[in-house]
Amino acid sequence: MISSVLPTYSRAPLSFVKGEGSWMIEADGRRFLDLGAGIAVNSLGHAHPKLVEALSRQAQALWHTSNLYQIPQQQELADRLVEHTFADTVFFTNSGTEACELAVKMARKYFYDKGEPNRTDIITFSGSFHGRSSAGIAAAGSEKMTEGFGPLLPGFVHLDFGDHDALTAAASETTCAIMIEPVQGEGGIRPLPDACLKGLRDLCDEHGILMILDEVQCGVGRTGKLFAHEWAGVTPDIMMVAKGIGGGFPLGAVLATENAASGMTAGTHGSTYGGNPLGCAVGSAVMDVIADPDFLAEVNRKAGLLRQKLEGLIAAHPDVFESVRGAGLMLGLKCKATNIDVVNAGYAQEVITVPAADNVIRLLPPLTITDDEISEAVKRLEAAASSLSAS
Ligand SMILES: *Cc1c(COP(=O)(O)O)cnc(C)c1O
């Protein structure tokens, strides 16, 4: 008989009842060190006092009004995002895949309004992930996500990640946008080299193509800059954000330049919940903490420490681990053992990691993780690796 919860996930037999900072407490009382952060969502850890305060205060005042009225909390968060980024304007969603939907609509509408209605193709890359909506799965295009769900939304051109020649050949007068993650998350923590992001920007400029960056996983301080593309010194036309921006509250956004957003006039898009007062109050509190340069400097310092310790872990367990990659506190350990076995061995040592494609385990700790917690985390991973080596 089918379970009352639609069985689309194979879940670990763990059930958490409380979170404190970098820790999650299981129903049986065990304390797990959380290097997953709900898949890069709990950017400030669990129950951060500033987020609890912002949410509680808003919950006392007003939950929802709809976008038929002014929403001051939305205005405030949009102003903050505009102040700290390339963007001139922001639309709020509840998730990453909804941000993908709007990014696609915005790019196509831009060329439609410019009198180029046939310019609808969006170039995407193997190993990418843009969510589970119809546009999201069509964009990523992997068989695993699309099989059985056709007809798929047309107009996506799928290229191999890193195939520069194919990319140059594919960019044409029917290309409206290139959509890419600066650091692939689900694809196994594959960072796009800065030079490639610069090259992509040049290619887009040369052909008048819009650049859409999917920073749903790598954005909001995760790589040690507020947004990952800042490392390469280029800016997109449109950017998808979600996960970390809500710190655990469902919140996403599309950020855009005035030019790229020019087609999105009144009535062209909407969302009942998107940008509701609760989500935006929390989002502003997240931005207050993460946009601080001192906070980001600490993320970078701690990332260096974690990476150095992981190098030691790999050297000590070459039978389990192969290499470390990624940026900031978005790190992937490429495994020699099967990644799921490593994740499960971690559970036995009360440390949470997240599997990804390419036989990688992801380490996406809260950006607030302490030095002591980093040491403890690597100790637990060490114990997990030893248990695998012994077996
Ligand atoms: C998680 C993710 C999405 C989808 O976000 P949802 O909130 O699950 O819809 C899209 N793009 C990237 C890069 C992601 O990591």
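Nothing here was measured: the structure is a model prediction, and the numbers come from that model.

Caption draft 1: Spotlight on the domain arrangement of the protein chain. The domains assigned to the protein chain are domain 1 (16-34 + 293-390) and domain 2 (50-290). With centres defined by C-alpha atoms, the gap from domain 1 to domain 2 works out at 28 Å. In this assembly, 21 residues from domain 1 lie in contact with 21 residues from domain 2. Buried area between domain 1 and domain 2, both sides added, is near 1,600 Å², and the carbon and sulfur share of it is 62%. Broken down residue by residue, the surface that domain 1 buries against domain 2 is led by Leu296, Met330 and Arg362, which jointly contribute 38%. Summed over the shared surface of domain 1 and domain 2, the number is 1 salt bridge. With a shortest N-O distance of 2.9 Å, Arg362 and Glu186 are connected by a salt bridge. At the junction of domain 1 and domain 2, the tally comes to 9 residue pairs in polar contact (both at pLDDT 80 or more). Where the side of domain 1 that touches domain 2 is concerned, the elements lending two or more residues are helix H10 (293-316), strand S13 (321-327), strand S14 (330-335) and strand S17 (360-363). If you tally residues by element for the side of domain 1 that touches domain 2, the top one is H10, at 4 residues. Grouping the amino acids of the side of domain 1 that touches domain 2 by side-chain chemistry returns 14 nonpolar, 4 polar and 3 charged.

Caption draft 2: Broad picture of the pattern of salt bridges. The tally for this structure, following the rule as stated, stands at 15 salt bridges. One salt bridge in this structure joins Glu20 and Arg31, with 3.1 Å as the shortest N-O distance. Of this pair, Glu20 sits in strand S1 (residues 16-20) while Arg31 sits in strand S3 (residues 31-34), and the two are 11 residues apart along the sequence. The exposure class of Glu20 is partly exposed, given its relative accessible area of 34%. Relative accessible area serves as the criterion here: at 36%, Arg31 is assigned to the partly exposed category. Across the salt bridge formed by Arg325 and Asp358, the nearest N and O atoms sit 2.8 Å from each other. Taken together, the residues span a long stretch of sequence, with Arg325 in strand S13 and Asp358 in the loop between strand S16 (354-356) and S17 at a distance of 33 residues. Bridged by salt links that share partners, the residues Glu76, Arg80 and Asp288 form one connected network.

Calculation rules
- Residues numbered from 1 in each chain as written.
- Predicted model: local features only at pLDDT ≥ 70, side-chain atom pairs only at ≥ 80, totals over all residues.
- Heavy atoms only, no water.
- Domains from an automatic or database assignment.
- Contact = heavy atoms within 4.5 Å.
- Buried area = accessible area lost by both parts, 1.4 Å probe.
- Salt bridge = Lys/Arg side-chain N within 4 Å of Asp/Glu carboxyl O.
- Polar contact = N/O pair within 3.5 Å; in protein donor to acceptor, adjacent residues only side chain to side chain.
- Helix = DSSP H or I, 4+ residues; strand = E, 2+ residues; numbered from the N terminus.
- Nonpolar A, V, L, I, M, F, W, Y, C, P; charged D, E, K, R; others polar.
- Buried < 20%, exposed > 50% of the residue type's maximum accessible area, 1.4 Å probe, protein only.

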